[in-house]
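Next come the chains, spelled out residue by residue.
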Amino acid sequence: QVQLVESGGGLVQPGGSLRLSCAASGSIFSIYSMAWYRQAPEKQREWVASIITSTGTTTYADSVKGRFSISRDNAKITAYLQMNSLSPADTGVYYCNYVDGPRGYWGLGTQITVSS
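Note that the structure is a prediction, hence the values are computed from the model and not measured.

A. Representation of the state of the cysteines in the model. Using the criterion set out here, one finds 1 disulfide in the structure. At a sulfur-sulfur separation of 1.9 Å, the disulfide partner of Cys 22 is Cys 96. Because the torsion about its S-S bond is 55°, the bridge between Cys 22 and Cys 96 counts as right-handed. With Cys 22 in strand β3 (residues 18–25) and Cys 96 in strand β9 (residues 92–100), this residue pair connects regions lying 74 residues apart in the sequence. The pair Cys 22 / Cys 96 is uniform in exposure class, with both members buried.

B. How the structure looks around the pairing of strand β4 (residues 33–39). Of all 7 residues that make up β4, 5 are buried, and the element is covered over most of its length. Bridge count for β4 against strand β5 (residues 46–52) is 6 bridges, and the pairing is antiparallel. When the sheet's bridge partners are listed, Tyr 37 is paired in β5 with Trp 47. Connecting the antiparallel pair β4 and β5 is a turn made up of 6 residues, with Glu 42 showing a positive phi of about 65°. Alignment of β4 against β9, held across 7 bridges, turns out to be antiparallel.

C. Focus on the nonpolar core. Core analysis: the largest hydrophobic core is formed by 29 residues, its most contacted members being Trp 36, Leu 81, Met 83, Tyr 94 and Tyr 98. Looking at this core, the elements with two or more residues in it are β3, β4, β5, β7 (68–73), β8 (78–83), β9 and β11 (110–114). With 4 residues, β3 is the single largest residue contributor to this core.

D. Expanded view of the sheet that holds β8. Within the open sheet, the 4 strands sit side by side as β1-β3-β8-β7. Their pairing is antiparallel. The open sheet has two edge strands with one neighbour each: β1 (3–7) and β7. The average angle at which neighbouring strand axes cross in this sheet is 15°, direction not considered.

E. Up close: the pattern of salt bridges. Following the criterion strictly, the structure yields 5 salt bridges and no others. Of the charged contacts in the structure, one is a salt bridge between Asp 100 and Arg 103, with a shortest N-O distance of 3.6 Å. Given a relative accessible area of 41%, Arg 103 falls into the partly exposed group. One connected set of salt bridges, linked through shared partners, spans Arg 38, Glu 46, Arg 67 and Asp 90.

F. How the structure looks around the pairing of β5. Counting buried residues in β5 gives 5 out of 7 residues, a clear majority hidden from the surface. In this structure, β5 lies alongside strand β6 (residues 58–60), joined through 3 bridges in antiparallel fashion. Each residue of the ladder has a partner; that of Ile 51, found in β6, is Thr 58. Adjacent in sequence and paired antiparallel, β5 and β6 are bridged by 5 residues, among which Gly 56 carries a positive phi angle near 80°.

G. Quick peek at the side chain of Asp 100. Structurally, Asp 100 is set in strand β9. A relative accessible area of 2% places Asp 100 in the buried class. For Asp 100, the side chain forms a polar contact with the main-chain nitrogen of Ser 30, separated by 3.2 Å. With residues up to four places along the chain from it excluded, the contact list for Asp 100 reads Ile 28, Phe 29, Ser 30, Ile 31 and Tyr 105.

What counts as what
- Residues numbered from 1 in each chain as written.
- Predicted model: local features only at pLDDT ≥ 70, side-chain atom pairs only at ≥ 80, totals over all residues.
- Heavy atoms only, no water.
- Disulfide = S-S within 2.5 Å.
- Helix = DSSP H or I, 4+ residues; strand = E, 2+ residues; numbered from the N terminus.
- Buried < 20%, exposed > 50% of the residue type's maximum accessible area, 1.4 Å probe, protein only.
- Pairing = 2+ DSSP bridges.
- Core = buried A, V, L, I, M, F, W, Y, C linked by side-chain atoms within 4.5 Å.
- Axes fitted to C-alpha atoms, helices over the stretch in contact; angles between N-to-C directions.
- Salt bridge = Lys/Arg side-chain N within 4 Å of Asp/Glu carboxyl O.
- Polar contact = N/O pair within 3.5 Å; in protein donor to acceptor, adjacent residues only side chain to side chain.
- Contact = heavy atoms within 4.5 Å.

Laid out in structure tokens, this is it:
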């Protein structure tokens, strides 16, 4: 059984920074990609950023480009999301997603609230 656990969420003021982590445990054979998604209240879940584990290639949603940075530690099977210059529009539950061949795994999410 594979489990993903996000951490690092919380309340932050506009302009602040947070760093999220997503740690995996269980029988993961080979992760192709790691990604972060988020879901704001009353909105659909949206993709935020992805990283290809083998090459380190990253892609970002336009809304976070230049402010967020995704990285990974393959040995620890952990993904990170460094979030800078946060605004209230970044508020939501952040989920990590790992793709392992034909399988995809989701964490339970961590709440980010950007408010003064």
